[in-house]
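If you want the building blocks of each chain, they are given just below.
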Amino acid sequence: MLAGFAIGAAPIAMAEDGFAPGEVPLSRYAEPGPHEIAQTTATHSCATSPYGSIIDNTWRFWGNQSELQCTNIFPSGTDSPIGVTFYYPQDIANMDRLPVLVYSPGTGQEPGYYDASARFWASYGYVIVIPYDLLNSTPEMGLGGVQAASDANKDPRSPMFGKVDLSRVIFAGHSGGGGATQLNASLPPDVYRMIDPDVRIIGAVPTEPSALALGILLTVPTLYLTGCNDALVWHWYYPMWTQYHTAITVPAYLACVRGGTHITPMDDPAHNPFAPLALAWMQYLAKGDQDAARYFVGADWSLPGDPGVEYVMRNALAERLPG
């Protein structure tokens, strides 16, 4: 339906009634991973406070299904709105070094709103780092997140001591944090190596991103996730035109989530296709998972046939990635 507007590769529509032959639906990535999760910031039901109840009920009115989680971080509570929180497997001491996802919340949002997704990703063997400063939209999100991950990896008092693989860092974020994701992924690699010489940024996944970024500056493979029912960040507007279509120096994809609204990324993974989409991208980039790779590379890539997306696009560089 958008082929007349596309630059380069045209969008590929999903088949209405199923999958391509022999393909596995993305919903398989919606199942929780094998690890129980620890976290450094406590969460609780947002319904326990007047402010949190308003946010929870508003999100439910607009279609979210799960109970929203809050922390005591402002604006949900009285703790400082500037900091970093971690999610990681409880059995991390018995595991090899784990890849890192640095996740930037939306503007004005606090980390607890993304608790379900953070726990979900960590259950697959990732260290999830969520920096926050209330604005959540500028490059210090990535810089602060990488610094915190490096510090945790070097601190003998940290449960993550020696367990953080800084050579496998992916940036992600939602809304204003999606803009920050692209800004983070646009900084020269040497900037991060000044924090820690082991740092290597391997990918990015901006979700319903703000306009505060241009795709042409990206330095790593990038998966843009948009919501087909997003009334705030229209999928066919700047995520497509000034971001995806200008990402001409790196492999880039754009997927429009069927029925996705601007608040869907704060729902639980069972009702939030953005979370399993991001997981598949993480598994492909950070762990070389062959099933996940099938979604993104090769002539018969399977993402276009998944019912979770309405249409997908990939640029010429992504087309040439080996299957």
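Per-chain numbering applies: the sequence of each chain, read as written, is numbered from 1 onward. Where local features are concerned, this predicted model is filtered to residues with pLDDT of at least 70; where side-chain atom pairs are given and counted, the filter is 80 or more; whole-chain, interface and lining totals use all residues. Hydrogens and water are ignored here; the side-chain numbers use all heavy atoms of the structure.

A. Seen up close, the state of the cysteines. A pair of sulfur atoms, both from cysteines and within 2.5 Å, is called a disulfide here. Under the criterion given, the structure shown has 2 disulfides. Disulfide partner of Cys 46: Cys 70, at an S-S distance of 2.0 Å. Since a negative S-S torsion denotes a left-handed disulfide, the Cys 46-Cys 70 link at about 105° is right-handed. Here Cys 70 lies in strand S4 (residues 69–70) and Cys 46 lies in the loop between strand S3 (44–45) and helix H1 (50–61), a separation of 24 residues in the sequence. By relative accessible area, Cys 46 is classed as buried at 0%. On the basis of relative accessibility, which here comes to 1%, the residue Cys 70 falls in the buried class. What pairs with Cys 228 in a disulfide is Cys 256, and their sulfur atoms sit 2.1 Å apart. Placement of Cys 228 in the loop between strand S10 (222–227) and helix H6 (238–243) and of Cys 256 in strand S11 (residues 252–257) is noted, with a sequence separation of 28 residues between them. Disulfide partners in the protein, listed by the sequence order of the bonded cysteines, are 1-2, 3-4. Under the scheme used here, helices are H or I runs from DSSP no shorter than 4 residues and strands are E runs no shorter than 2 residues, and both carry numbers assigned from the N terminus. Only protein chains enter the calculation, and the probe is 1.4 Å; a residue is then buried if its accessible area is under 20% of its type maximum, exposed if over 50%, and partly exposed in between.

B. Seen up close, the packing of aromatic side chains. Note on aromatic pairs: the rings of Phe, Tyr and Trp (six-membered ring only in Trp) are paired at centre separations within 6.5 Å, and the planes decide the class, stacked below 30 degrees, edge-to-face beyond 60, tilted for the rest. This model, assessed by the stated rule, comprises 17 aromatic pairs. A centroid spacing of 6.3 Å and a plane angle of 50° characterise the contact between Tyr 295 and Phe 296, whose relative ring orientation is tilted. Each residue in the set Tyr 29, Tyr 253, Trp 281, Tyr 284, Tyr 295, Phe 296 and Trp 301 is aromatic and connected to the rest through ring pairs, giving one cluster. Either the NZ atom of lysine or the CZ atom of arginine qualifies as a charge over a ring when it sits within 6 Å of the ring centre and within 35 degrees of the ring normal. Over the ring of Tyr 126 we find Lys 287, and its NZ or CZ is 4.5 Å from the ring centre.

C. Examining the pairing of strand S6 (residues 98–104) more closely. Extensive coverage of S6 is indicated by the burial of 7 of its 7 residues. Pairing between S6 and strand S8 (residues 164–174): 6 bridges, direction parallel. Note on S8: the bridge partner recorded for Val 100 is Val 169. Taken together, S6, helix H2 (residues 115–122) and strand S7 (residues 127–132) constitute a β-α-β crossover, and its handedness is right-handed. Strand pairing follows a simple DSSP-based rule, namely that at least 2 bridges must link the two strands. For a crossover, the right-handed case is the one in which the path from the first strand over the helix to the second runs clockwise, viewed with the strands pointing away from the viewer.

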